[in-house]
Structure formats: structure tokens, C-alpha cells
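Read off the chains here:
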Amino acid sequence: MRRPLMAGNWKMHLTLDAAQALARGVVEGLERALPGDDGVEVALCPPFTALERVGRVLEGTPVALGAQDLFWEDQGAYTGEVSGLQLVDLGCRYVIVGHSERRHVFGESNQAVQRKLGAALRHGLAPILCVGERIEERRAGRADSWVQDQLRTAVAELKPGEARRLTIAYEPVWAIGTGEHASGEEANRMAGVIRSLLEELFDAQVAAAVRILYGGSVKPANVGEFLAQPQVDGALVGGASLEAEGFVAMAVEARAPKGPGKGGA
Ligand SMILES: O=C[C@H](O)COP(=O)(O)O
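Here the residue numbering is sequential within each chain, running from 1 through the sequence in written order. Owing to the predicted nature of the model, reporting of local features is limited to residues with pLDDT of at least 70; listing and counting of side-chain atom pairs is limited to 80 or more, with chain, interface and lining totals taken over all residues. Based on all heavy atoms of the structure, the side-chain values leave hydrogens and waters out of the count.

## A look at the site of the ligand
Step number 1: The full set close to the ligand counts 13 residues, and Lys11, His99, Gly177, Ser217 and Gly239 are the nearest of them.
Step number 2: Polar contact criterion, stated in full: a pair of N or O atoms within 3.5 Å, where within protein one must be able to donate a hydrogen and the other to accept it, and residues adjacent in sequence count only if both atoms are side-chain atoms. Contact distances for the ligand include 2.8 Å between an oxygen atom and a backbone N or O atom of Gly239.
Step number 3: Residue-level accessible areas treat just the shown protein chains as cover; the underlying method is Shrake-Rupley with a 1.4 Å probe. Contact with the protein chains removes 95% of the 310 Å² of surface that the ligand exposes when unbound.
Step number 4: Partitioning the shell around the ligand into residue classes produces four nonpolar, seven polar and two charged. Near residues are defined by distance, with any heavy atom within 4 Å of the molecule or strand qualifying the residue. Any residue outside Ala, Val, Leu, Ile, Met, Phe, Trp, Tyr, Cys, Pro, Asp, Glu, Lys and Arg is labelled polar, Gly included; the first ten of those are nonpolar and the last four are charged.

Here it is as C-alpha cells:
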């Protein structure tokens, strides 16, 4: 059974006070809208600078803390990097790995993503592995193979027990922060492509257990289109996660009805 996840990626936004206020807004909004309800999981991924402050707000609440990236080594002379060990120390449960901005702005390769994924799992973090094609690949009819290559390399070293712990976010690069988004139907089809590859690489249990999110210009007005898809288990939200009321509304919409969730495995 896959419990839906609504994750907010705050990217490089917010000072400490603003991050604290936004986290409080989300926690209080969820307490009002879904008191004691565990039909949806919610995670907030602030920038590294705000992890500790936001972590204090989330302590004792059902909202999980997540980071936006990690380095694969635990410690050492790696100026500017942050390790899984340090993220666990800060109380993180989730970590985003291989976000398209890491790949395309900072040149992160599929191999680097593989090492980061391994480090996250080694530290007991729940990775949100991002995959997605650029407009060039889509126009050339290579979107599926591009995403499959990203996934195949990222998980190459994992055992089935580790792979089960993944959440995968399908985020077409052309839809990130652009206001354009994939159709619900296309997000569902691509989530199906990802799930089939997981079955081929691991087994049917892994394929049924892994949560697949859609990300890319998700907003309160369009989130329902994605959540209605059988293969889509929630969303990774950027810009629209910076506003508490709208983000809470999306989490409420993602809440699974009582009874078995998607997958049923
Ligand atoms: O991690 C989130 C994605 O990059 C989506 O960002 P966006 O919702 O601002 O398009």
C-alpha cells in the first residue's frame, strides 16, 4: 500500500524567520484541516540553512523534515558540501537526490546521483530520487529512454530491500517553474514506464511499493489532475509550496480515502 506524499521543495528561498513562519503555517493549517489524519504524508525541504530552525517547528508533528541534496562522503575536505550523517543529525527523514537543477545547473551526472542515493540509504534517509527529460529529449521522442537511463544508473548498485525505500519524482525539466505542466495522462504514463523498469530491474513487489510523485508547476488548481492518476502517489512541489494555505490545500487533496492505498501490495 502506498501512502500519498506531498513534499515541498523550498529551493534557495527564505530567510530563517520566513522559513520558520512558513513551517508554522503548514503545521497549523494541517492540524486544522486534517486533525489526527494519517492518510497523507507531508514533508518540507527547506534550504540547508533553515533545516535546524524548521526542524524545531516540525518536532512532535507528523510533518517530516527533508533536505534538498547531500554529498556521498560522510566527512572530510569537501568545502561547501553537506553529508548524510549531518542531515540525520539535524533530524532529516527525507532527502531529494538528483533534482534537475542539481543535474543541469550544477552538472551532476547519473553516476554522482547513484553515489548520493547510496549514501542516503546508508544513513537511513528516505531518498526522493528525481528523474525527468528536457524539452530536447521530448521533442526527439527520447523522453522515455532518457528517464529510464537516469533511473537504471541511479539504482544500479541497490538491492531490492533498498530499492523499496525509494520515492521517485518524475519531473519533466520543461515543466519546472515554467507554468507549463505535463498532462495527468502523460504523468501517469511516465510513472508506469518507471514502475515497469523497477519490476524489470528488481521485482513486482519493489515496483508496487515504490511511491512515484509528479513534479513540475503543480499548483492547487491542477494538483487534482495528477492525484487522480492510478500510478501517481503525490507531488513534489516547488514554487507553490512557498505559500502555506495553498500547500495545505494540496495535501488535503492528496489524502487517501480510508482503506487500502494505491498499489495494494
Ligand atoms: O522540486 C520541485 C520541482 O522542481 C518543481 O518546481 P515547481 O513546482 O516550481 O515547478
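## Here's the deal with the UniProt feature "active site" (unreviewed entry) in the protein chain
Step number 1: UniProt positions are given in the numbering used here, feature names are shortened, and annotations may be inferred rather than shown by experiment. Under the local residue numbering, the UniProt record ascribes the feature "active site" (unreviewed entry) to His99 and Glu171. Taken along the chain, the residues just named run across 73 residues; in space they keep tight, none of their C-alpha pairs more than 8.5 Å apart. Lining the largest pocket, out of the annotated residues just given, are His99.
Step number 2: Note on conventions: DSSP H or I runs of at least 4 residues are helices, E runs of at least 2 residues are strands, and numbering of each starts at the N terminus. On the secondary structure map, His99 appears in the loop between β4 (94–97) and α4 (100–104).
Step number 3: For this analysis, residues touch if any pair of their heavy atoms sits within 4.5 Å. When near neighbours in sequence (up to four residues on either side) are disregarded, His99 contacts Asn9, Lys11, Cys130, Glu171 and Ile176.
Step number 4: Polar contacts involving the side chain of His99 include one to the main-chain amide nitrogen of Glu101, which spans 2.9 Å.
Step number 5: Within the fold, Glu171 resides in the loop between β6 (167–170) and α9 (184–201). Here a cavity denotes grid points, spaced 1 Å and computed from the protein atoms alone, that fit a 1.4 Å probe unable to get out, and a pocket denotes an open set having protein on both sides within 12 Å along at least 5 of 7 lines; residues with an atom within 4 Å of a point are the lining.

## What about the packing of aromatic side chains?
Step number 1: Side-chain rings of Phe, Tyr and Trp, where Trp is taken by its six-membered ring, are said to pair if the distance between their centres is within 6.5 Å; with planes under 30 degrees apart they count as stacked, over 60 as edge-to-face, and otherwise as tilted. Taken as a whole and judged by the stated rule, the model has four aromatic pairs.
Step number 2: Judged by centre distance (6.3 Å) and plane angle (55 degrees), the ring pair of Tyr170 and Tyr214 falls under tilted. Remark: Tyr214 occurs in strand β7 (residues 211–215) and Tyr170 occurs in strand β6; sequence separation between them is 44 residues. For the pair shown, Tyr170 and Tyr214 are each scored as buried.
Step number 3: Sitting over the ring of Phe106, Arg102 keeps its end group 4.1 Å from the ring centre. Between buried and exposed lies partly exposed: a residue is buried under 20% and exposed over 50% of the maximum accessible area for its type, with that area taken using a 1.4 Å probe on protein chains only. By definition, being over a ring means that NZ of Lys or CZ of Arg is both within 6 Å of the ring centre and within 35 degrees of the ring normal.

## Details of the nonpolar core
Step number 1: Among buried residues, the Ala, Val, Leu, Ile, Met, Phe, Trp, Tyr and Cys ones that are joined through side-chain atoms within 4.5 Å form a nonpolar core. Among the nonpolar cores identified, the biggest contains 77 residues, and Met6, Leu87, Leu117, Leu129, Val155, Ile194 and Tyr214 are the most heavily contacted of them.
Step number 2: In terms of residue count, α9 provides more of this core than any other element does, seven residues in total.
Step number 3: Every residue in contact with Val155, bar those within four places of it in the chain, is listed here: Leu117, Leu129, Leu166, Leu201 and Phe202.
Step number 4: Of all hydrophobic cores here, the second largest spans 13 residues; its members include Ala7, Ile96, Ala126 and Cys130.

## A look at helix α12 (residues 244–254)
Think of an α-helix as 3.6 residues a turn; residues three or four steps apart then line up on the same face.
Step number 1: Those residues of α12 that fall on the buried side of the exposure criterion are Ala244, Gly246, Phe247, Val248, Met250, Ala251 and Ala254.
Step number 2: Summarising the contacts, the buried residues of α12 are in contact with β1 (5–9), α1 (16–33), β2 (41–45), α11 (223–227) and β8 (234–237).
Step number 3: Where α12 begins, one side-chain oxygen reaches toward the backbone nitrogen of Glu245, 3.1 Å away; that side chain belongs to Glu243.

## Quick look at the UniProt feature "binding site: substrate" (unreviewed entry) in the protein chain
Step number 1: The positions that UniProt labels "binding site: substrate" (unreviewed entry) are, in the present scheme, Asn9, Trp10, Lys11, Gly177, Ser217, Gly238 and Gly239. What stands out for the annotated residues spanning 231 residues is how close their C-alpha atoms remain, the widest pair being 13.8 Å apart. Residues from the named set that contribute to the lining of the largest pocket are Asn9 and Lys11.
Step number 2: Summarising the element assignment, Gly177 is placed in the loop between β6 and α9.
Step number 3: What makes Gly177 exposed here is its relative accessible area of 77%.

## Structural notes on the sheet that holds β6
Step number 1: We treat two strands as partners when DSSP finds at least two bridges between them. One closed barrel holds the eight strands; their spatial order is β1-β2-β3-β4-β5-β6-β7-β8, and the pairing between them is parallel. Here the average twist between neighbouring strands, direction ignored, is 25 degrees.
Step number 2: Judged from the two bridges that link them, β2 and strand β3 (residues 64–67) form a sheet pairing that is parallel. Directly across from Leu44, in β3, lies its bridge partner Leu65.
Step number 3: Only the contacting stretch of a helix is used when fitting its axis, a line to C-alpha atoms as for every element, and angles between N-to-C directions run 0 to 180 degrees. Against the sheet, helix α5 (residues 110–122) touches β4 and β5 (126–131), its axis set at about 160 degrees to β5.
Step number 4: Strand contacts of helix α7 (residues 143–154): β5 and β6, with the helix running at about 150 degrees to β5, the strand carrying the most contacts.

## Comments concerning the pairing of β2
Step number 1: Judged by how many residues are buried, β2 sits mostly within the fold: five of five residues are covered.
Step number 2: Neither face of β2 is left uncovered, since the one carrying Glu41, Ala43 and Cys45 and the one carrying Val42 and Leu44 both have all their residues buried.
Step number 3: Where β1 lies against β2, five bridges are found, and the strand directions are parallel. Residue Gly8 lies in a different strand from β2, and its bridge partner there is Leu44.

## Concerning the confidence of the model for the protein chain
Step number 1: Chain-level statistics for the protein chain give a pLDDT mean of 95 and a share of 97% at 70 or above.
Step number 2: In the predicted assembly, ipTM is 0.99 and pTM is 0.96. Looking at any residue, its pLDDT shows the predictor's confidence there, from 0 to 100.

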